[in-house]
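Structural overview
Residue strings, one per chain:
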Amino acid sequence: MLQIKPFEDHITEYEAWFDKYSAVYESELLAIKSQMEQLPENILGIEVGLGTAKYAARLGIKEGIEPSKKMREIAAKKGVEVMEGTAEHLPYKDLHFDFVLFVTICHLDSVYQALMEAYRVLKKDGSIIIGFIDKNSSLGKKYEEKRHKSDFYKYARFYSTDDIIALLKETKFKNPVFVQTIFKDIDEINEVEELKEGYGEGAFIVVKATKI
């Protein structure tokens, strides 16, 4: 729960990041959207840890959970139905959703438990979509180096793509598909970055995997 407090205390700075790095934000949205476009139409899904609904509202996701009260209040004003909860203990029944989206998993207490919970609430053939900063990328290394000086990343844990592949396998998700973006330093990005299939070049990776 230590990771909730910075978002409660620094919500203005959190919101300002998306304005300062609008092209980075749009690039991340494009990468996530490209994976969501592979899903069937008219399906039910959630974003887990949706913050102020910066992603959910733009992606048409109508429901999700968020542990921060202040962020829930802002998300609700954007028309997103948001419940109090954590990724490790989702307040939903089994086999309920067609997809579960995570963006920025570095703030979770246990990614393994979060993925197990996603598996539980997903229907058969449902999809998990995870957006994350690869810790082996130049941006990931920069965040890690400055983590202890950051209000937001002090308690964060970053993951490599290989880490995520291993976690998906351990939690029984199959057929991972990757896209990547953010190929330059974020202070140099003034327009939306391209997408590439796979991983290993971009800093922001989005993987989609399936519950078989």
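Structure's up top.
The model shown is predicted, which means the values in this text are computed figures rather than measured ones. (Residues numbered from 1 in each chain as written. Predicted model: local features only at pLDDT ≥ 70, side-chain atom pairs only at ≥ 80, totals over all residues. Heavy atoms only, no water.)

1. With respect to the overall build of the protein
Helix and strand counts for the protein come out as eight helices and eight strands. For 212 residues, the compact-globule formula gives about 17 Å, and the C-alpha radius of gyration of the protein, at 16 Å, lands near that figure. Its C-alpha atoms put the protein at 40 × 35 × 30 Å along the principal axes. Per-residue burial for the protein yields a buried fraction of 52% across its 212 residues. Sequence-distant contacts, at least 24 apart, represent 69% of the contacts inside the protein between residues at least 6 apart. Accessible surface for the protein amounts to roughly 10,700 Å². Of this, 49% is attributable to carbon and sulfur atoms. Of the side chains in the protein, 30 bear a positive and 36 a negative charge, and the two mean positions are spaced by 3 Å. (Helix = DSSP H or I, 4+ residues; strand = E, 2+ residues; numbered from the N terminus. Rg over C-alpha atoms; globule rule 2.2 N^0.38 Å. Buried < 20%, exposed > 50% of the residue type's maximum accessible area, 1.4 Å probe, protein only. Contact = heavy atoms within 4.5 Å. Areas by Shrake-Rupley, 256 points an atom, 1.4 Å probe, with all protein chains shown as cover. Lys, Arg positive; Asp, Glu negative; His and termini not counted. Charge placed at Lys NZ, Arg CZ, Asp CG, Glu CD.)

2. Re helix α7 (residues 138–145)
Residues of α7 that are buried: Leu139, Gly140 and Tyr143. In a view along the axis of α7, the buried residues occupy a sector of 100 degrees, so they form one face of it. Those residues of α7 that are exposed and aimed more than 90 degrees away from the buried face are Ser138, Lys141 and Glu145. Here the buried face of α7 lies against α2 (11–20) and β5 (122–133). (Arc of directions from axis to C-beta.)

3. Description of the layout of surface pockets
Size it by volume and the largest pocket reaches roughly 1,200 Å³. Along the wall of the largest pocket there are 48 residues; nearest its centre are Phe7, Tyr14, His107, Phe152 and Tyr153. Only α2, α3 (22–36), β1 (45–48), β4 (97–103) and α7 provide two or more residues apiece to the lining of the largest pocket. Examining the composition of the lining of the largest pocket, we find that six residues originate from one element, α2, more than from any other. Taken together, 20 residues form the lining of the second largest pocket, with Met36, Leu59, Gly60, Ile61 and Phe99 sitting closest to its centre. (1 Å grid on protein atoms, 1.4 Å probe; cavity = no way out; pocket = protein on both sides within 12 Å on 5 of 7 lines; lining within 4 Å. Points joined across faces, edges and corners; volume = space filled by probe spheres on them.)

4. Details of the packing of aromatic side chains
As enumerated under the stated definition, the model contains 10 aromatic pairs in all. An angle of 80 degrees between the planes, with centres 5.2 Å apart, marks the rings of tryptophan 17 and phenylalanine 18 as edge-to-face. With relative accessibility at 6%, the residue phenylalanine 18 sits in the buried group. An angle of 85 degrees between the planes, with centres 4.8 Å apart, marks the rings of tyrosine 92 and phenylalanine 97 as edge-to-face. Members of the aromatic cluster, each reached through a chain of ring pairs, are Tyr14, Trp17, Phe18, Tyr21, Tyr25 and Tyr55. Sitting above the plane of the phenylalanine 183 ring, lysine 196 keeps its charged end 5.2 Å from the centroid. (Phe/Tyr/Trp six-rings, centres within 6.5 Å; stacked < 30°, edge-to-face > 60°. Lys NZ or Arg CZ within 6 Å of the ring centre and 35° of its normal.)

5. Some remarks on the pairing of β5
The element β5 is largely enclosed, with a buried count of nine among its 12 residues. One ladder, built from six bridges, connects β4 with β5; its direction is parallel. Within β5, the position partnered with phenylalanine 102 by the bridge is isoleucine 130. Note on the crossover from β4 through helix α6 (residues 111–121) to β5: the handedness is right-handed. Where β5 meets strand β8 (residues 204–211), seven bridges bridge the pair, whose relative direction is antiparallel. In the sheet register, isoleucine 133 faces β8, and the bridge partner there is phenylalanine 204. (Pairing = 2+ DSSP bridges. Right-handed = clockwise from strand over helix to strand, strands pointing away.)

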